[in-house]
Amino acid sequence: MNTRQQSKIIHSWCGRPMCLDRKLRTSQYKGILITSESSGTETCVQLGDFVLVEGENADQPFVAQILNLYEDGSQNKHAVVQWFSHITEIPQNKRRLLKRKVSPQEVFFDKVPGYDTDIPVETIIKRTTVIPLLLGEELPITLNKKQTFCVKQSWDGKCFTTLSSDTFLKLKEASKKGGNSPNSSSSFTPSGIVSLLKKETESVVQSATKNDELEIQSKHGDSKSSVRKKRCSQGVANSTRTPTARKKLQLNGPTQSLNSRLMGCEILKLLDDDCGAIAPLEPSAAKRKVRITGGLGSPPKMPRTDDKSESGFATEERWFSDTIQLSSYAKVKYSSGKAGDLPVKNDTIAFTEYLAQNCQNLLLIPRSRRICAQKTYARISEQISVLNKLEKKDFLSVSDGSDSSSSEEEENDVLCTLEKKTKLSRTCSTPKSSRKSSVHTPAKTLEKTKPLPGTPKTPQNATPEIPRRSCEAQKPVTILEKARLRLHVSAIPESLPCREEEFQDIYNFVESKLIDGTGGCMYISGVPGTGKTATVHEVIHCLQQAAENDDIPSFQFAEINGMKLTDPHQAYVQILQLLTGQKVTATHAAVLLEKLFCTPGPKKKTTVLIVDELDLLWTRKQNVMYNLFDWPTRKHSKLIILAIANTMDLPERIMMNRVSSRLGLTRMSFQPYTYKQLQQIISSRLNNLKAFEEDAIQLVSRKVAALSGDARRCLDICRRATEICEFASRKRTQEIVRMAHITEAIDEMFSSPYINAIRNASLHEQIFLKAVLAEFRRAGVEEATVQEIYRQHIALCRMEGRQSPTLSGVMAICSRLGACRLLLLESSKKYLHMRVRLNISQDDIMYALKDE
Ligand code: ATP
Ligand code: MG
């Protein structure tokens, strides 16, 4: 018996084995019993039944039909399934082939080769219904609910075809068997629960019929639809606890059998226990509903009874369009749950606020639903602007204070007492949300919090905004302006000269893994500005194009950057969120990712993950980096990682106590650019733009190549030189960038007070700085203790034939450099164990010491 530990859901066989293959020691079964230990409910899923299967995205489980159930020699339970694809599983560019609108309930009979059809039965969540339909047909309104799907066409990975008559008939038979038999032997309900729910189910039938009526009536009038919404939203609010909630949840399915409706409840309960571990449909929906209705004391909104990714919002859309048609605010009030929930204001400002608040709440929706939420947000914004226009027309005559709530009056009082100009502007800048929040504040508190005249009023819930451009950015006109833009590091170059080999190697690596359907990790290292990130991005871009053209299997892509993470462990959170849309804590995310990459998942696509700035994911136990190197080696991971770092031997150091050979890393090192390569890079960026003298390009390339071979630094100098030249051109005649401009730019860049401080430092202070560089390079981390640096210092002195300083002498040097802010020092109490960092770039130190 396999037990899902977290959820306490047990999958066991139904009945005796049907036939036994003695040689392979496999036995076949006709059903699987899903039992929830906590609620004591049981469901039997049989051969031919349609089921929901756990997917990577908890919000959208896969749909499948069970073709076979068997147990292997090691007593693992398997199900062989026929897959159905949601429209969201089909590549975006292929969806266009359909040339019709697809309802979120429609699935496609999956003929895509390569998907694993043998799945562990533990991934089965519950039974569902799939009804075959002809192309022009639609699901009857009565079946228009989350748990029912329809299938009209098949999908083979390249094109859509209509279902063959044979398949159609078979599916029809299966859907009749599974969905419509009221006393289906496949449903078991423990007698206790039956008697408990008996009364309710009777009322379910009644209220279901009523609800049906309501649904029909709703088409004839706005107010009636509002009543329905009100009821539903109340039901939603209660749906997790009370018996009425159960009733309300069942309101959607009047045609469903009594038993299966009961089953629906049981499974809901069953899934409730399993929150997070498996893909709960209704419970998560309930959660979402609570989130949406619960924000900031706003009225019950969005009657998302269906809770489908599209249709849920379609309902909202309908609701908004309903309300937008209403001429008076009273109707809006009527459509909401309780009268008191909505601020009783006569003007549209209140309603606009209310809509805006709804928008805010939409942001709380899990990421997977954000796309829909964003669309809705756009629609709402449109409606807000319509309302604003209306407001201008119809409500201009309404005086500010006359109809507003008491809190607004209070605000006006404040306004009166304050000096006019400043106060007015302050109140105008007070965000709406803060004004609104005062609506719910009791008068007493308000009095207390009322700002004294002259005291600046701190806006609550203020959202800082970047002021918008008042006029369009000017297009480059002169050659120098054009050159300056092309040389900007953020400009995407048309090509990446001098990185052709590296590009090809990375491309081949990922392509071969994608074709084989395996995983692997490539470790890409090199000093800053050598084009690692740019090359890898170009590879992914080309691979995505190849996948769109069907030249290689499609893949899922995600990217994280160590620099953008507040903590290395956040890497888990980000990866999980990018891949599945789930947002959980770091520890939980690590567990879920382990499960994702280490268990054979059905319909698993290969994932390509870029981990940029890997060096920064350094933790004491090195678990984050270890996992990143380890996951791709797992058999079922289908994970390709492109890890980018500055340190060459990072993998060895992470694997100090572990078997590094196991990793089987493919390595690639990006060498610093030579002066010729830098020259080529600048020329290709300028793309025949005659803005630089040849000698000027050569000078900057040579200078940078001698220092670090960093293309970023090279481009920066060129850009600054262009600016200097532009400035000079304004005074005199138009000219192009010459060597003098480059020299000026280099001097400017390297003539900071820090560089002067280094140049004027004592001999041993300079040696100490060199020792810092040497230690950083040795360790690969830009932090070291005084003790470690001291060792390097002694070695350098020995090489140069100088006398080494004493320990106390080194401590004095260190604190002097710290006082100049060339170094950042930890507390000096730690003495030799004090940690040291540089406060300027390594390049600057090298530049300052080179000219000496
Ligand atoms: P870091 O280690 O600091 O992240 P990196 O090796 O990832 O550096 P990139 O960010 O790829 O460096 O490159 C730095 C800048 O130099 C980018 O603006 C990039 O466009 C440019 N660059 C690098 N190599 C080339 C090239 N071969 N051709 C054109 N531009 C290049
Ligand atoms: Mg980079």
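Residues numbered from 1 in each chain as written. Chains lettered and ligands numbered in written order. Predicted model: local features only at pLDDT ≥ 70, side-chain atom pairs only at ≥ 80, totals over all residues. Heavy atoms only, no water.

### Section: the overall build of the chain
Step number 1: For the chain, the helix and strand inventory stands at 31 helices and 23 strands.
Step number 2: Among the 852 residues that make up the chain, the fraction classed as buried is 47%.
Step number 3: At a minimum sequence separation of 6, the contacts of the chain that also span at least 24 residues come to 68%. (Helix = DSSP H or I, 4+ residues; strand = E, 2+ residues; numbered from the N terminus. Buried < 20%, exposed > 50% of the residue type's maximum accessible area, 1.4 Å probe, protein only. Contact = heavy atoms within 4.5 Å.)

### Observations concerning the sheet that holds strand β18 (residues 606-612)
Step number 1: Sheet architecture is open: 5 strands sit in the order β17-β18-β19-β16-β20, paired in parallel fashion. The two strands at the open ends of the sheet, each matched to only one other strand, are β17 (555-561) and β20 (666-670). Each neighbouring strand pair of the sheet contributes to a mean axis angle of 15°, computed without reference to strand direction.
Step number 2: Taken together, the 7 bridges between β17 and β18 define a ladder with parallel strand orientation. Residue I560 lies in a different strand from β18, and its bridge partner there is V611.
Step number 3: Packing against the sheet, helix α19 (residues 570-580) makes contact with β17 and β18, and its axis sits at approximately 150° to β17. (Pairing = 2+ DSSP bridges. Axes fitted to C-alpha atoms, helices over the stretch in contact; angles between N-to-C directions.)

### Digging into the pairing of strand β16 (residues 520-526)
Step number 1: Extensive coverage of β16 is indicated by the burial of 7 of its 7 residues.
Step number 2: The alternating pattern of β16 places G520, M522, I524 and G526 on one face and C521, Y523 and S525 on the opposite face, and all of these are buried.
Step number 3: One ladder, built from 6 bridges, connects β16 with strand β19 (residues 639-645); its direction is parallel. In the strand pairing of β19, G520 is matched with I640.
Step number 4: As paired strands, β16 and β20 are joined by 5 bridges and run parallel to one another. Residue S525 lies in a different strand from β20, and its bridge partner there is S669.

### Considerations on the side chain of K152
Step number 1: Structurally, the position occupied by K152 is in strand β13 (residues 148-155).
Step number 2: A polar contact is formed between the side chain of K152 and the backbone oxygen of E137, at a distance of 2.9 Å.
Step number 3: Among the polar contacts made by the side chain of K152, one reaches the side chain of E138 at a distance of 3.4 Å. (Polar contact = N/O pair within 3.5 Å; in protein donor to acceptor, adjacent residues only side chain to side chain.)

### Things to note about the packing of aromatic side chains
Step number 1: This structure, assessed with the given rule, holds 10 aromatic pairs.
Step number 2: Judged by centre distance (5.2 Å) and plane angle (45°), the ring pair of F597 and W631 falls under tilted. Residue F597 is found in helix α20 (residues 586-598), and its partner W631 is found in the loop between α21 (623-630) and β19; the two are separated by 34 residues along the sequence.
Step number 3: One aromatic cluster in this structure is built from F50, F84 and F109.
Step number 4: Directly above the ring of Y675 sits R702, whose terminal nitrogen or CZ lies 3.7 Å from the centroid. (Phe/Tyr/Trp six-rings, centres within 6.5 Å; stacked < 30°, edge-to-face > 60°. Lys NZ or Arg CZ within 6 Å of the ring centre and 35° of its normal.)

### What to know about the site of ligand 1
Step number 1: In the neighbourhood of ligand 1, 19 residues make up the surrounding shell, with P497, K532, T533, Y673 and R685 lying closest.
Step number 2: At 2.6 Å, a side-chain N or O of Y673 approaches a nitrogen atom of ligand 1.
Step number 3: Here ligand 1 has 630 Å² of accessible area as a free molecule, and 92% of this is covered by the chains.
Step number 4: Put simply, the parts of the chain that give the shell around ligand 1 at least two residues each are α18 (532-548), α23 (675-686) and α25 (711-731). (Near = heavy atom within 4 Å. Areas by Shrake-Rupley, 256 points an atom, 1.4 Å probe, with all protein chains shown as cover.)

### Some remarks on the nonpolar core
Step number 1: Counting 61 residues, the largest nonpolar core has F692 and F768 as the members making the most contacts within it.
Step number 2: In terms of residues, this core owes the most to one element, α25, which gives 8 residues.
Step number 3: In terms of nonpolar packing, the next biggest core, distinct from the first, is built from 33 residues, Y523, I560, L576 and L650 among them. (Core = buried A, V, L, I, M, F, W, Y, C linked by side-chain atoms within 4.5 Å.)

### Thoughts on unusual backbone geometry
Step number 1: The phi torsion at K99 lies on the positive side, around 55°, for a residue other than glycine.
Step number 2: Looking at the element boundaries, K99 is found in the loop between α1 (92-95) and β10 (106-110).
Step number 3: Of note in this structure, D550 is not a glycine but carries a positive phi near 65°.
Step number 4: Turning to its location among the elements, D550 is positioned in the loop between α18 and β17.

### Section: α19
Step number 1: By the criterion of burial, α19 is predominantly enclosed, with 8 of the 11 residues buried.
Step number 2: Taken as a whole, α19 has its buried residues at A571, Y572, V573, I575, L576, Q577, L579 and T580.
Step number 3: The inward-facing, buried residues of α19 abut β17, α20, β18 and α21.
Step number 4: The positive-phi residue at the C-terminal boundary of α19 is G581, with phi of around 85°.

### Description of the pattern of salt bridges
Step number 1: Overall, the coordinates contain 25 salt bridges when judged by the stated rule.
Step number 2: Its salt-bridge partner being E106, residue K152 comes within 3.8 Å of it at the nearest N-O pair. Pair noted here: K152 is in strand β13 and E106 is in strand β10, with a separation of 46 residues, a long-range link.
Step number 3: Since its relative accessible area comes to 2%, E106 is described here as buried. (Salt bridge = Lys/Arg side-chain N within 4 Å of Asp/Glu carboxyl O.)

### Side note on the confidence of the model for the chain
Step number 1: Averaged over every residue, the pLDDT of the chain is 70; the share at 70 or more is 63%.
Step number 2: Here residues 1-6 is a poorly scored stretch, pLDDT under 50, and it has 20 contacts once near neighbours within four places are set aside; other chains count.
Step number 3: Low pLDDT, under 50, characterises residues 180-380; the stretch is placed with 310 contacts to residues that sit more than four places away or in other chains. (pLDDT = per-residue confidence, 0-100.)

### Section: the packing of helix α17 (residues 500-516) against α18
Step number 1: At their nearest, the axes of α17 and α18 sit 9 Å apart, and the two run at 45° to each other. Here α18 runs oblique to α17, going by the angle between their axes. Crossing hand, α17 versus α18: right-handed. Contact with α17, carried on its side by E502, F503, I506, Y507, V510, E511 and L514, involves T535, V536, E538, V539, C542, L543 and A546 of α18 and no other residues of that element.
Step number 2: Along the lines of polarity and charge, the residues of the contact of α17 with α18 split into 10 nonpolar, 1 polar and 3 charged. (Parallel < 35°, antiparallel > 145°, perpendicular 65-115°, else oblique. Left-handed = near helix turned anticlockwise from the far one by under 90°. Nonpolar A, V, L, I, M, F, W, Y, C, P; charged D, E, K, R; others polar.)

### Here's the deal with the sheet that holds strand β22 (residues 823-825)
Step number 1: Within the open sheet, the 3 strands sit side by side as β21-β23-β22. Their pairing is antiparallel. At either end of the open sheet lies a strand with only one pairing partner, and these are β21 (784-785) and β22.
Step number 2: The sheet contact formed by β21 and strand β23 (residues 835-838) spans 2 bridges and is antiparallel. Bridged to T785 within β23 is R835.
Step number 3: The sheet contacts of helix α28 (residues 763-779) involve β21, β22 and β23, and relative to β23 the element is tilted by about 95°.
Step number 4: Those strands touched by helix α30 (residues 807-819) are β22 and β23, and its axis lies near 110° from that of β22.

### A word on α28
Step number 1: For α28, spanning 17 residues, the distance from its first C-alpha to its last is 24 Å, which sits close to the expected 24 Å at 1.5 Å a residue.
Step number 2: Of all the positions in α28, only E765, Q766, I767, F768, L769, A771, V772, L773, E775, F776 and A779 are classed as buried.
Step number 3: Following α28 by one or two positions, G780 has its phi on the positive side, about 80°. (Expected span 1.5 Å × (residues − 1).)

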